[in-house]
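# Reading the structure
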Amino acid sequence: MKTLLNKSSSFHFKNDLSAINRIVVPAMASQTATASGYVTEKTLKHYANLSNSGAGIVFVEYTYVHPTGKSEDNQLGIFDDQQISGLSKLSKVISEGGALAGIQLTHAGGKTTREQTGGALMGPSAIAVPVKDQSMEIPTSMNQSEIELWKSSFLSSAKRASLAGFSIIELHSAHGYGLNQWISPLTNQRTDNYGGSFLGRLKLLTEIIELIQVELPEILLSVRIPGRDFLEAGLSQEGTIEIAKYLEKIGVDIINVSSGIGGWRRPADRAGQGYLIPEAKAIQQNIGIPVIGVGGIETGQFIDEIIGNGNISFAAVGRAILNNPELWKEKNIA
Ligand SMILES: Cc1cc2nc3c(=O)[nH]c(=O)nc-3n(C[C@H](O)[C@H](O)[C@H](O)COP(=O)(O)O)c2cc1C
């Protein structure tokens, strides 16, 4: 069944930026970049194709802000000014499809290998990041100069994203990657002022957000946070509601709710469409800025239900769109 809501559900953000509907293509690694992180023809084709889904927002995949934050071969990078021209073409193909173009910025922290990063492996504490079916090396606990390196790398990358024409910058603080490691009590056990308390664990993320807000006040800032970590001693739903309330208070524009240290895949006890919507709904009930929810969503009808009754503001559709963007549009919107 086609959806009516999607056709008449534009959303107006600040600075005259609007999404034509409430459907989001979330960040999904395409592994189409060169070995040193540059956009290729394949990358452009991939995103032109995703834009044919008719979604209101298309996020470009997790893009590393510094070589020490790289997590896989052919990952897209945004750590060098020379990458701006390829990224500009990428934002253009997305905008031409009618969507607001977003890009996700990431540092892998301890969720990578020394082979990928050229030797470094750093995180908030010397605690191996729990990754399903994989045993990660123990990272070194970051010192102040490494903290400053992350801050300047996120800021310069945000500036490059803006110069490349992206309207939304998303900070990847979910799925166990770097910033998730900082905000989670499971992986951040520091005793200095970058840990130890709710505000301590959020200090690095806050400083990055504030730097971006000062330099790029016009940009829409999204933070992808866990609905919960799905691991004992990790972030709970109550904790992530507090985080979302705090991020709203400091001026973040969008909260994108996924999963945490345990990774993005469906938790064993969740069935059906919208497997992470309960967490997104609980967060949306506590904040006024738009929340994006995700998890196994397939149909426009389901999106109508969850958005129509005010559970969340935007629905992210990953694999169902990735499989065949045009067919998805034809079946669900057009
Ligand atoms: C191939 C693939 C790559 C992904 N890469 C990212 C990524 O770069 N950043 C991110 O936040 N999530 C990533 N994810 C998770 C998706 O954004 C999304 O949360 C997940 O696929 C669940 O949504 P779905 O059930 O609609 O596919 C990826 C998922 C897939 C399938």
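Just above, that's the structure.
An account of the accompanying structure is given in this report. Quantities reported herein were computed from a predicted structural model and do not represent experimental measurements.

### Side note on the overall build of the chain
Along its length, the chain carries 12 helices and 12 strands. Expected size for 334 residues packed as a compact globule is a radius of gyration near 20 Å; at 18 Å, the chain falls within 12% of this value. By principal-axis analysis of the C-alpha atoms, the chain measures approximately 50 × 40 × 40 Å. Within the chain, counting contacts between residues at least 6 apart in sequence, those at least 24 apart form 71% of the total. In the structure as shown, the chain presents an accessible area of about 13,100 Å², 50% of it carried by carbon and sulfur atoms.

### Observations concerning helix 12 (residues 325–332)
Taken together, the buried positions of helix 12 are Pro 325, Trp 328 and Asn 332. Looking straight down helix 12, one finds its buried side chains confined to an arc of 60°; they lie on one side. In helix 12, the exposed residues that point more than 90 degrees away from the buried face are Glu 330 and Lys 331. As for helix 12, its buried residues are in contact with strand 3 (23–25), helix 1 (41–51), helix 10 (300–308) and helix 11 (319–323).

### Here we look at the sheet that holds strand 10 (residues 254–258)
The parallel closed barrel is built from 8 strands, whose spatial order is 3-4-5-8-9-10-11-12. Here the strands of the sheet are splayed against their neighbours by 25° on average, with no regard to which way each runs. Here 4 bridges tie strand 5 (residues 100–106) to strand 8 (residues 168–172), and the two strands are oriented parallel to one another. Its bridge partner being in strand 8, Leu 105 is matched across the sheet by Leu 171. The strands that helix 9 (residues 277–284) touches are strand 9 (220–226), strand 10 and strand 11 (291–293); relative to strand 11, the one it contacts most, it runs at about 170°.

### Brief notes about helix 10
Among all positions of helix 10, only Gly 300, Phe 302, Ile 303, Asp 304, Ile 306 and Ile 307 are buried. Summarising the contacts, the buried residues of helix 10 are in contact with strand 3, helix 9, strand 12 (314–316) and helix 12. Downstream of helix 10 by one or two residues, Gly 310 has phi in the positive range, about 75°.

### A few points about the site of the ligand
Near the ligand you find 18 residues, and of these Ala 27, Arg 224, Gly 296, Gly 318 and Arg 319 are the closest. In the model, an oxygen atom of the ligand is placed 3.1 Å from a nitrogen or oxygen of the Tyr 62 main chain. In this structure, an oxygen atom belonging to the ligand sits 2.8 Å away from a side-chain N or O atom of Arg 224. When the free accessible area of the ligand is taken as 610 Å², the share hidden by the protein chains comes to 89%.

### Describing the pairing of strand 5
Burial runs high along strand 5: 7 of the 7 residues are buried. Going residue by residue along strand 5, you find Leu 100, Gly 102, Gln 104 and Thr 106 tucked away on one face and Ala 101, Ile 103 and Leu 105 tucked away on the opposite face as well. Pairing geometry for strand 4 (residues 57–64) and strand 5, over 7 bridges, is parallel. From the neighbouring strand, Val 60 faces strand 5, where its bridge partner is Ile 103. Remark: the strand 4/helix 2 (residues 84–96)/strand 5 crossover connection has right-handed handedness.

### A few points about the environment of Asn 143
By the secondary structure assignment, Asn 143 is in the loop between strand 7 (140–141) and helix 4 (144–163). Overall, the relative accessible area of 39% leaves Asn 143 in the partly exposed class. One polar contact links the side chain of Asn 143 to the main-chain amide nitrogen of Ser 145, over a distance of 3.2 Å. A distance of 2.9 Å separates a polar atom in the side chain of Asn 143 from the backbone nitrogen of Glu 146.

### Re the pattern of salt bridges
Tallying each qualifying case throughout the model produces 12 salt bridges. For the salt bridge of Lys 92 with Glu 96, the shortest nitrogen-to-oxygen distance reads 3.4 Å. Here Glu 96 and Lys 92 lie together in helix 2, a separation of 4 residues that amounts to about one turn. A relative accessible area of 52% places Lys 92 in the exposed class. Across the pair Lys 245 and Glu 242 runs a salt bridge whose closest N-O atoms are separated by 3.5 Å. Taken together, the residues Lys 245 and Glu 242, both in helix 8 (residues 237–249) and 3 residues apart, mark about one turn of the helix.

### Considerations on the packing of helix 4 against helix 7 (residues 203–215)
Helix 7 packs onto helix 4 with a crossing angle of 35° between their chain directions and a minimal axis gap of 9 Å. Where helix 4 crosses over helix 7, the two elements pack in a sense that is right-handed. Contact with helix 4, carried on its side by Ile 147, Trp 150, Lys 151, Phe 154, Leu 155, Ala 158 and Lys 159, involves Leu 204, Glu 207, Ile 208, Leu 211, Ile 212 and Glu 215 of helix 7 and no other residues of that element. Residues that form the contact of helix 4 with helix 7 fall into these classes: 9 nonpolar, no polar and 4 charged.

### A few points about the nonpolar core
If you look at the biggest cluster of nonpolar residues, it comprises 78 residues, and the most contacted ones within it are Leu 90, Leu 247 and Ile 255. When residues in this core are grouped by element, the largest group, 6 residues, is from helix 4. Residues within four places of Leu 247 in sequence aside, it is in contact with Leu 205, Ile 209, Val 223, Ile 225, Val 252 and Ile 255. Ranked by size, the runner-up nonpolar core spans 18 residues in total, among them Val 24, Phe 59, Ile 168 and Ile 254.

Reading the values: the criteria
- Residues numbered from 1 in each chain as written.
- Predicted model: local features only at pLDDT ≥ 70, side-chain atom pairs only at ≥ 80, totals over all residues.
- Heavy atoms only, no water.
- Helix = DSSP H or I, 4+ residues; strand = E, 2+ residues; numbered from the N terminus.
- Rg over C-alpha atoms; globule rule 2.2 N^0.38 Å.
- Contact = heavy atoms within 4.5 Å.
- Areas by Shrake-Rupley, 256 points an atom, 1.4 Å probe, with all protein chains shown as cover.
- Buried < 20%, exposed > 50% of the residue type's maximum accessible area, 1.4 Å probe, protein only.
- Arc of directions from axis to C-beta.
- Pairing = 2+ DSSP bridges.
- Axes fitted to C-alpha atoms, helices over the stretch in contact; angles between N-to-C directions.
- Near = heavy atom within 4 Å.
- Polar contact = N/O pair within 3.5 Å; in protein donor to acceptor, adjacent residues only side chain to side chain.
- Right-handed = clockwise from strand over helix to strand, strands pointing away.
- Salt bridge = Lys/Arg side-chain N within 4 Å of Asp/Glu carboxyl O.
- Left-handed = near helix turned anticlockwise from the far one by under 90°.
- Nonpolar A, V, L, I, M, F, W, Y, C, P; charged D, E, K, R; others polar.
- Core = buried A, V, L, I, M, F, W, Y, C linked by side-chain atoms within 4.5 Å.

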